[in-house]
Amino acid sequence: MIQELDGLPHEILAACAREAVAAARAQAERGDPVDPDDVIGDAKQRAAAIGAALLRPVLNATGVLIHTNLGRAPVAEDALDAARQVAAGYSNLEYRLDTGERGSRHEHAGALLAQACGAEAGLVVNNNAAAVLLALAALARGREVVVSRGELVEIGGGFRVPEIMAESGCRLVEVGTTNRTRRADYVEAIGPETALVLKVHASNYRMVGFVETTPVSELVTLGPPVMVDAGSGLLDESTPWLPRRPSWLRDEPGVRQAVEAGAALVTFSGDKLLGGPQAGILAGRADLIGSVARHPLARATRADKMTLAALQAVAFSYLSGDATGIPLWRMATGSVDDLSARAEVIAAGVPGGKVVDTEAVAGGGALPGLTIPSAGVGVDAPGPSGERLLARLREHGVVARLEDDTVVCDLRTIDPLDDTNLAEALRTACAS
Ligand SMILES: *Cc1c(COP(=O)(O)O)cnc(C)c1O
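Now for a quick tour of the structure. These figures come from a predicted structure and were not determined experimentally. (Residues numbered from 1 in each chain as written. Predicted model: local features only at pLDDT ≥ 70, side-chain atom pairs only at ≥ 80, totals over all residues. Heavy atoms only, no water.)

### Describing the pattern of salt bridges
Thinking step 1. Overall, the coordinates contain 25 salt bridges when judged by the stated rule.
Thinking step 2. Where E94 meets R105, a salt bridge forms, and the shortest distance between an N and an O atom there is 2.7 Å. Taken together, the positions of E94 in the loop between α3 (77-88) and β3 (95-96) and R105 in the loop between β4 (101-102) and α4 (109-116) put the pair 11 residues apart, joining distant regions of the chain.
Thinking step 3. For E94, a relative accessible area of 25% puts it in the partly exposed group.
Thinking step 4. Via salt bridges that share partners, E94, R102, R105 and R302 belong to a single interconnected network. (Salt bridge = Lys/Arg side-chain N within 4 Å of Asp/Glu carboxyl O. Helix = DSSP H or I, 4+ residues; strand = E, 2+ residues; numbered from the N terminus. Buried < 20%, exposed > 50% of the residue type's maximum accessible area, 1.4 Å probe, protein only.)

What follows is the structure in structure tokens.
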């Protein structure tokens, strides 16, 4: 799977050769003999290192469904087709075919996603971090935003609620304590300067014990508009697009439920539990979406046509009531028996391979502490041999994990079409 030298442009290969020759010259000047074969080998190694660092597909055998380092949710075939069709030529991105007038790029995917979660209007931007920043800047710059101390979270990758708030130019008003924030705490903090009450879904950690939070349905009785950063983008808590609601979703809040509870604006990611491309979606009251869309930052954070085309297809999947074509949900809901059966076939071709029970996770900050029963292929690799086997698998584009002296390839995050590739990589890696 690793790209060979012949795939690299001549300019890059020539640069590698020049660097190898320069290194050899320096070596010769120090009085060390130089073997021409070593210089060629050095140039090849430099080129191989560049090839290995190129953006490429990998097999995610970690069992982490929304693995941020591995590109989060895989995008569905129909969404990719839609993106390809729109991007390969011209489109009505900002053009109304019926009147021949200028249109808006927010009229397609944004509106459909809003419909899919029961909101009046929607807007798509680059990612959820941008959505939060933009909403705060557009609706609360120079004014106060009230947030519970238990929700001043860091999501990862530099997204910290207090910092985003500072960047957006609004003033953070902290209320309550880390573990308990009651309605009365909000009431005390709200005044004429309050622009928004913000609720942030603590996506990547779980608080247990002596805990109290105030639900959206109570926050909306306070007066100011309530904005919810839902993060993961589970469109509807009851997952009507699936035959059965997965039990591991437990109490993950849905976008639709936040809207129904009266939230004025909800923001969420496109590539977490929505299962689409990287994007940030704002859904909510039409007047607020309008204000946000007119803000200069909306122009700076806008989504591109490929993302919008793909999201339009994703919205269609949800609106059709069957989102099992979305890879994330297909992978998340596959039966353990099926995964075990696949694991058995793969393990049979791998020296020392065996079927193991595993625990997959949602990842991407969604559903911390909750695991999804899964199955995979395990290879015993005691001591340092475990890390070595993981490294060899990475050379074949497979990212696996180590569990108590066993290298585990979780099949929940592997497309069945990739089973033979995974088997081949495991065979080669175990043999060397
Ligand atoms: C993931 C997440 C973000 C950031 O979303 P990106 O799409 O990664 O920019 C913000 N807030 C919450 C609550 C999140 O879970």
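### Here's the deal with the packing of aromatic side chains
Thinking step 1. In the structure shown here, the tally under the stated rule is 2 aromatic pairs.
Thinking step 2. Consider the rings of W241 and Y318, whose centres lie 4.7 Å apart with planes at 90°: the pair is edge-to-face. Here Y318 lies in helix α12 (residues 305-319) and W241 lies in the loop between β11 (226-231) and α9 (255-260), a separation of 77 residues in the sequence.
Thinking step 3. Judged by its relative accessible area of 4%, W241 falls in the buried class.
Thinking step 4. Given a relative accessible area of 7%, Y318 falls into the buried group.
Thinking step 5. Seen in terms of ring centroids, W241 and W329 are 5.7 Å apart; in terms of plane orientation they differ by 55°. Their pairing is tilted. Of the two residues, W241 sits in the loop between β11 and α9 while W329 sits in helix α13 (residues 327-333), which places them 88 residues apart along the sequence. (Phe/Tyr/Trp six-rings, centres within 6.5 Å; stacked < 30°, edge-to-face > 60°.)

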